Amino acid sequence: MSDIPEHSQSDDDLPEQLRVRRDKRDRLLAGGTEPYPVEVPRTHTLAQVRAAHPDLPADTQTGDIVGVTGRVMFMRNTGKLCFATLREGDGTELQAMLSLANVGEESLSAWKSDVDLGDHVFVHGEVITSKRGELSVMVDAWQLTSKAMRPLPVAHKEMSEESRVRQRYADLIVRPRAREVVRTRANVLRALRDSFHGRGFTEVETPMLQTLHGGASARPFTTHSNAFDMDLYLRIAPELYLKRCVVGGIEKVFEINRNFRNEGSDSSHSPEFAMLEYYEAYATYDTIADLTKQLVQEAAEAAFGSQIVTLHDGTEYDLSGEWASITMYESLSEALGEEVTPETTAEKLHAVAEARGIEVDPKLTHGKLVEELWEELVGDHLYAPTFVRDFPEETSPLTRAHRTKPGIAEKWDLYVRGFELATGYSELVDPVIERERLTAQSTLAAGGDEEAMQLDEDFLRALEYGMPPTGGAGMGVDRLLMALTGLGIRETILFPLVRPE
RNA sequence: GCGCCGUUAGCUCAAUAGGCAGAGCAGCUGGCUCUUAACCAGCGGGUUCGGGGUUCGAGUCCCUGACGGCGCACCA
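Residues numbered from 1 in each chain as written. Chains lettered and ligands numbered in written order. Predicted model: local features only at pLDDT ≥ 70, side-chain atom pairs only at ≥ 80, totals over all residues. Heavy atoms only, no water.

Along the backbone of chain A there are 15 helices and 18 strands. A compact globule built from 501 residues should have a C-alpha radius of gyration of about 23 Å, whereas chain A, at 29 Å, is more than 25% larger. In terms of its C-alpha atoms, chain A occupies a principal-axis envelope of roughly 90 × 55 × 50 Å. Each of the 501 residues in chain A was classed as buried or not, and the buried ones make up 48%. (Helix = DSSP H or I, 4+ residues; strand = E, 2+ residues; numbered from the N terminus. Rg over C-alpha atoms; globule rule 2.2 N^0.38 Å. Buried < 20%, exposed > 50% of the residue type's maximum accessible area, 1.4 Å probe, protein only.)

Our focus in this paragraph is the protein's contact with RNA strand B. Lining the immediate surroundings of RNA strand B are 50 residues, of which Glu 16, Arg 76, Arg 132, His 269 and Arg 479 lie closest. The sugar and phosphate moieties of RNA strand B supply 53% of its atoms located within 4 Å of the protein. The separation between a base nitrogen of RNA strand B and a polar side-chain atom of Gln 17 is 2.7 Å. Here a sugar or linking oxygen of RNA strand B and a side-chain polar atom of His 156 are 2.8 Å apart. Looking at the surface near RNA strand B, the elements with two or more residues in it are helix H1 (16-30), strand S1 (61-77), strand S2 (81-87), strand S3 (93-99), helix H3 (100-114) and helix H4 (161-166). (Near = heavy atom within 4 Å. Polar contact = N/O pair within 3.5 Å; in protein donor to acceptor, adjacent residues only side chain to side chain.)

On to the confidence of the model for chain A, then. Residue-level pLDDT values for chain A average 90, and 97% of them are 70 or greater. Residue range residues 1-11 is modelled with pLDDT below 50. Its contacts to residues more than four positions away, or to other chains, number 15 contacts. Reported confidences for the modelled complex are a pTM of 0.89 and an ipTM of 0.84. (pLDDT = per-residue confidence, 0-100. Contact = heavy atoms within 4.5 Å.)

Leu 276, Tyr 278, Trp 412, Met 475 and Leu 480 are the most contacted members of the largest nonpolar core, which has 43 residues in total. Every element with two or more residues in this core is listed here: helix H6 (176-198), strand S10 (252-260), strand S11 (272-281), helix H8 (285-304), strand S16 (408-416), strand S17 (419-426), strand S18 (470-476) and helix H14 (477-485). The element contributing the most residues to this core is H8, with nine residues. With 24 residues, the next largest nonpolar core counts Leu 46, Val 66, Val 123 and Leu 135 among its residues. (Core = buried A, V, L, I, M, F, W, Y, C linked by side-chain atoms within 4.5 Å.)

Another aspect to go through is the environment of Leu 192. With respect to the secondary-structure elements, Leu 192 resides in helix H6. Excluding residues within four positions of it along the chain, Leu 192 makes contact with Ile 256, Leu 276, Leu 295 and Leu 480.

On the basis of which strands lie adjacent, the closed barrel formed by five strands has the order S1-S2-S3-S5-S4 and mixed pairing. Adjacent strand axes in the sheet meet at a mean angle of 50 degrees when their direction is disregarded. Where S2 and S3 come together, seven bridges link them in antiparallel fashion. Paired with Arg 87 across the bridge in S3 is Glu 93. Here H3 sits on the sheet in contact with S1, S2, S3, strand S4 (120-129) and strand S5 (135-146), set at roughly 105 degrees to S3. (Pairing = 2+ DSSP bridges. Axes fitted to C-alpha atoms, helices over the stretch in contact; angles between N-to-C directions.)

Listed below in structure tokens is the structure:
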């Protein structure tokens, strides 16, 4: 994209179409016409005009005089009668007609010479229908409200994926679907909040600038505070703060906000992503799974009016009813045709991986091996919504051990359309065990494991005051949008991170 | 981080074997009082991503850098 600095370039250096529009602006100003007026006497929105005249026959005069505004999306100028399609923010369009008889020679020729595709205009006149039946304003006066200096992207060809992301504003102007996704996202977020509020949850906002990084296994971004003269981390998860809330008596708590992870970026990962986490005292990973299912179903219902959603490629995806539930060890055993349990040795699992031609890091221990093999053999093939329960205890340092099955943690992952949408736990609340787990993590961190958590003494102190038995879960909000729409993560995030041009 | 592919007019794209850089839309001029991606006639618009090289001649071949897409690795 050519970014033209405001003053460092003479008009001669501008691309032709930008120069033409700049010349028009200069000419208007020189002639005493303000191309960017402060206000205009708008009396109706385009939607109001449409709503007031739903079913007029062709060639009707209503006697209704309105002043309306919009961006010029199409122009069809003939000798003595000009047509323009105006569009306002919600996508509503309305036609403006300018005839020589109504506006006069000077005004009509000014329209033809001054107004370009993409300009914002105000038009005043009578609401009519054209001879072809199109609802229109027969203009008696008009005025530019904002002169565009850049031509619109072609409306009939999709912008390239890169242009859409880099210039989302232009994407939003020309592509109704882009605007629809923004509104769908807003509806989903509102539905989530409504679902929580309806169940007595309290929304909180916890720090995104943190002095320690913890709450998940992920590489953090670092930054620096001048005032405190210390390095800080952008948070990778709100978990440890939300648990402090539960300790403090905010026993049904949720947060929707950003996490930052200094890791890969692809069609389902973004360095900056929206996270929903929720914790409920006296819930377990069973009840929190049920809540999670309801959240997703209620979001689908609110955004699309149905729990069977139509994805971007036109296929339907059914989120209704009960969802499948499998356990990690059983489903892995089934896929392998041989029993895998928490007692199965790492040596044995390495042998299994090799026999299957699955490459794994030879340093991996039991827990990570089981997860790796499971993802390869089972997870990647899950399409219908499925809870995968009972993870290896070793890889879940913040999770309570299973109440009856040794070596297993009360943790589930929710898979939807082949990717991980959410994860839930019966939270570990024993401060002594928690200290052991986090100490082990911090030893890993000190040993160079960039994903391992640091020892958060303040968090442990909070737990030592006593945290009630609690169920908790986290859901990727961008991924929820992906699940509901079938779009990639860069389409569900309005302004995803891109390198500067 | 590695591999493959790509970057050409405002936008979306084409360009034979290395031989005059094109189209549609958009823009400009003129015409047209019922158009719907209007139409008709004419015209203009390019650092072919940047730098270097080979060649009589490079959008095209080679080297290098930037940016992007996809795959792999990491991750949610």
